Amino acid sequence: MTAIAGPSRSEGPSAQDYLDRDSKPVPASLRYNRNDQLDSTDIPIERYISADFARVEMEKMWYRAWQMACVEGDIPEVGDHIVYEIGDRSYIVIRTETGIRAYVNACLHRARLIRERGGNVPELRCTFHGFTWNLDGTMKTLPCAWDFPHVDPADLTLPEAKVDTWRGFVFINPDPDSGSLSDFLGNFVDQWIWPIETRYKAVHVAKKLPLNWKAAQEAFMETYHVIATHPQILTWTGDSNSQYDATSDQPHWNRMINVQGVPSPHVADFVDEQDVLESFYAARTFYSADTGRDLQSDGDLPEIPEGSTARAVLAEEMRKQLTKVSGRDYSQYSDSELLDTVQHTVFPNFHPWGGFKSNIVYRWRPNGFDPNSCIFETLIMADPPQGQPVPPSAPVRWVADDEQFTDVAELGLLGPVFDQDIDNMLWVQRGMKATLKKGLTLAQYQESRIRQMHQTLSTYIEE
């Protein structure tokens, strides 16, 4: 185990204690256990509500940081592209004969957007006057070239953002002087061990929310809120037992391991293993990474053998059901990989879940320069059916302002949980404007991922 001294944590078994009891070998990645977040400084509220800060944040951080733009499956063929926008920047992320490129989405004549939406094109043509570029970014057609004696078409190559990929995800960086994506990710690339690159995007749900992107994102970076926001899951979720990995020497990623199939320390004195098992089935479902469908218990609940635990039984049920549905062998995967929420954050806004319980990816972005508006997206990555072609990436399903996430069938159990979380954050955004307090006071350990994110943000803002 890699561990360093850090903040105090909840009484009761730790995440690592539960991993010690795992019924299968636990991968070394899950034994990583580091947290050095001892700072107790409040987070300035202006970071969430100030239009001036939102603009500085955009120019100094978003325009200089690596950010996930799409999955490779969104653009599988030459000419396939999406339009990625951040702030007032717009990029055409396109597959070409020589790889994936990200062109600045503005005509070099009168600056009209070249592409308003994604699709497939053999060339990039501005519909205003017909200026046209090859997919490699070089000028193809300059209409009425005789009227541009002062212009060399060779000088009209489309400018680009930097592009790289990580396990099937396409990242761009608007800053031409930025370092590599590999350096940016640090040892996240070593700690992520699951084959997410073999999966396809089965679900993509997006909604504009009337709150700051950080406020929305931070609701998903800790389990401290479970006791008040999701009390229905306390019987089978070790909320304050969660492990938070966040260090200053790895500023661009952090992680949470939320142990499941065990009782919360808040109720552990009042429930037994049978209560854990029954409440788990009553309150939630298994999620199949292979089909995108929920897996339910087939009639009678499994029994807990003498000397065993609800967690071990639930993990074994997950192994059986995933193997049955997918045709793949899950027999050697650890209980943790099959049950726990192993959620990573890659700064500033990319949140992939590890393990096999679910293959969820979150992304939050500012909606333009408005500090009170953001875009929240959920991707579910599923394993393709064995022996069949890989299904195409799902299109984005936008949730209307008057819809709840509960109304989105594709989200299953996630929908009601999202509604609980977002309802809180809407009132947080309002409360941050009402309070006389200048900053947010964070818990030292349970909210340490949030603190580390703000420390990283500060390094961009202060440069």
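Residues numbered from 1 in each chain as written. Predicted model: local features only at pLDDT ≥ 70, side-chain atom pairs only at ≥ 80, totals over all residues. Heavy atoms only, no water.

### Remarks on the overall build of the protein chain
What counts, and what does not: Put simply, DSSP H or I for four residues or longer makes a helix, DSSP E for two residues or longer makes a strand, and each gets a number counted from the N terminus. For this measure, only C-alpha atoms enter the radius of gyration; the expected value for a globule follows 2.2 Å times N^0.38, where N is the number of residues. Each residue gets one of three labels from its accessible area relative to the maximum for its type: buried under 20%, exposed over 50%, partly exposed in between, using a 1.4 Å probe on protein chains only. Contacts between residues were defined by any pair of non-hydrogen atoms, one from each residue, lying within 4.5 Å. Throughout, the Shrake-Rupley method with a 1.4 Å probe supplies accessible areas, and for residues the shown protein chains are the sole cover considered. Under the convention used here, Asp and Glu are negative, Lys and Arg are positive, and both His and the chain ends fall outside the count. Where a charge lies is defined by one atom per residue type: Lys uses NZ, Arg uses CZ, Asp uses CG and Glu uses CD.
Within the protein chain, the regular secondary structure consists of 13 helices and 24 strands. Its C-alpha atoms give the protein chain a radius of gyration of 24 Å, within 12% of the compact-globule value 23 Å for 463 residues. Dimensions of the protein chain, computed from the C-alpha atoms along their principal axes, are close to 90 × 60 × 45 Å. Counting over 463 residues, the protein chain shows a buried share of 54%. Long-range pairs, those at least 24 residues apart, make up 69% of the contacts in the protein chain between residues at least 6 apart in sequence. A total of about 19700 Å² of accessible surface is found on the protein chain, and carbon and sulfur atoms cover 51% of it. Between the averaged position of the 43 positive side-chain charges in the protein chain and that of its 67 negative side-chain charges there is a distance of 4 Å.

### Details of the sheet that holds strand β15 (residues 243-245)
In plain terms, the rule: In this scheme, strands are said to pair when DSSP sees at least two bridges between them. Angles shown run from 0 to 180 degrees and are taken between the N-to-C directions of axes, each axis being a line fitted to C-alpha atoms and, for helices, limited to the stretch in contact.
The eight strands are arranged β15-β16-β19-β20-β21-β22-β14-β23 in an open sheet whose pairing can be described as mixed. Of all strands in the sheet, those with a lone pairing partner are β15 and β23 (397-398), marking the two edges. Alignment of strand β16 (residues 253-258) against strand β19 (residues 341-346), held across six bridges, turns out to be antiparallel. Looking at the pairing, Arg 255 lines up with His 344 of β19. Against the sheet, helix α12 (residues 414-434) contacts β14 (200-209), β21 (360-367) and β22 (370-382), and its axis sits at roughly 165 degrees relative to β22.

### Examining helix α9 (residues 273-283)
What counts is decided by this rule: In protein, a polar contact means a hydrogen-donor-capable atom and an acceptor-capable atom, both N or O and within 3.5 Å, with residues adjacent in sequence counting only if both atoms are side-chain atoms; elsewhere, any N or O pair within 3.5 Å suffices.
Burial in α9 covers these residues: Val 276, Leu 277, Ser 279, Phe 280 and Tyr 281. Where α9 begins, one side-chain oxygen reaches toward the backbone nitrogen of Gln 274, 3.1 Å away; that side chain belongs to Asp 272.

### So, the nonpolar core
Going by this rule: In plain words, nonpolar cores are sets of buried Ala, Val, Leu, Ile, Met, Phe, Trp, Tyr and Cys residues tied together by side-chain atoms within 4.5 Å.
Grouped together as the largest cluster of nonpolar side chains are 90 residues, with contacts concentrated most on Val 93, Trp 166, Phe 169, Tyr 362 and Phe 405. In this structure, Phe 169 is in contact with Met 68, Cys 70, Val 71, Asp 164, Ile 196, Phe 350, Val 361 and Met 381, ignoring residues within four places of it in sequence. Listed in part, the 15 residues of the second largest apolar core include Ile 92, Tyr 103, Cys 107 and Leu 158.

### Some details on the pairing of strand β13 (residues 169-173)
A regular strand carries its side chains on alternate faces of the sheet. Burial runs high along β13: five of the five residues are buried. Neither face of β13 is left uncovered, since the one carrying Phe 169, Phe 171 and Asn 173 and the one carrying Val 170 and Ile 172 both have all their residues buried. Taken together, the four bridges between strand β4 (residues 67-71) and β13 define a ladder with antiparallel strand orientation. Bridge assignment links Gln 67 to a residue of β13, and that residue is Ile 172. When strand β12 (residues 160-166) meets β13, the two strands line up antiparallel, connected through five bridges.

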